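Structure assessment
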Amino acid sequence: MMIGFRVLALCLIVIALVLLGVDAISSLQHGAITLHSLAQLMDVAVPALASNIRDWAADVLPHPLAALIRGLLASWAWALFGVGGVLMAFVCGRPRLRN
């Protein structure tokens, strides 16, 4: 079970590095720093998904949770995947040998 979580953590870190590379290449092409948000990434995969999630959160959830969802959607995609992967890797790290 822990091996599965460690593999998932590794996949999240690899996705974060790929997204960071995409932002670096995009920044080189445009001549200015370009960072893509999670909402922009979701709109590439499924158009209007991020706006539908924002509307759903505003209608259904209390205001603090809706603001949290909006904040997560506005965050850098590579940072969310990277932080999640690193935290999961620390929590599900190798077991220590006991003497």
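So, a few notes on the structure that sits alongside this text. Everything numeric here is computed off the predicted structure, so don't read it as measured data.

What follows deals with the overall build of the protein chain. Regarding its fold elements, the protein chain presents five helices and zero strands. Along the protein chain, helices and strands appear, N-terminal first, in the series α-α-α-α-α. For the protein chain, the C-alpha radius of gyration of 17 Å lies well beyond 13 Å, the compact-globule estimate for 99 residues. When each of the 99 residues of the protein chain is scored for burial, the buried share is 19%. Residue pairs in contact within the protein chain that sit at least 24 positions apart in sequence constitute 64% of those at least 6 positions apart.

The next subject is helix H1 (residues 2–30). Across its 29 residues, H1 extends 42 Å between first and last C-alpha, which sits within 8% of the 42 Å expected from 1.5 Å per residue. Along H1, the residues that are buried comprise Ala9, Leu12, Ala16, Leu19, Asp23, Ser26 and Ser27. Contacts from the buried residues of H1 go to helix H2 (38–45) and helix H5 (77–91). At the exit of H1 stands Gly31, carrying a positive phi of roughly 80°.

To describe a pair of aromatic rings, one takes the distance between the centres and the angle between the planes. For the coordinates displayed, the defined rule picks out one aromatic pair. Measuring from ring centre to ring centre gives 5.7 Å for Trp76 and Trp78, while their planes differ by 15°; the resulting arrangement is stacked.

On the surface, Met1, Met2, Phe5 and Leu8 cluster together into a nonpolar patch covering about 430 Å² of accessible area. Relative to the helices and strands, Leu8 resides in helix H1. For Leu8, a relative accessible area of 41% gives the class partly exposed.

With that settled, the discussion passes to the environment of Trp56. Following the sequence through the fold, Trp56 ends up in helix H3 (residues 49–60). Owing to a relative accessible area of 47%, Trp56 belongs among the partly exposed residues under this scheme. For the pair Trp56 and Ala66, spaced 10 residues apart in sequence, the C-alpha to C-alpha distance is 8.7 Å.

Conventions we followed
Residues numbered from 1 in each chain as written. Predicted model: local features only at pLDDT ≥ 70, side-chain atom pairs only at ≥ 80, totals over all residues. Heavy atoms only, no water. Helix = DSSP H or I, 4+ residues; strand = E, 2+ residues; numbered from the N terminus. Rg over C-alpha atoms; globule rule 2.2 N^0.38 Å. Buried < 20%, exposed > 50% of the residue type's maximum accessible area, 1.4 Å probe, protein only. Contact = heavy atoms within 4.5 Å. Expected span 1.5 Å × (residues − 1). Phe/Tyr/Trp six-rings, centres within 6.5 Å; stacked < 30°, edge-to-face > 60°. Patch = residues over 30% accessible without salt bridge, like charges linked within 9 Å, V, L, I, M, F, W, Y side chains within 5 Å. Areas by Shrake-Rupley, 256 points an atom, 1.4 Å probe, with all protein chains shown as cover. Salt bridge = Lys/Arg side-chain N within 4 Å of Asp/Glu carboxyl O.

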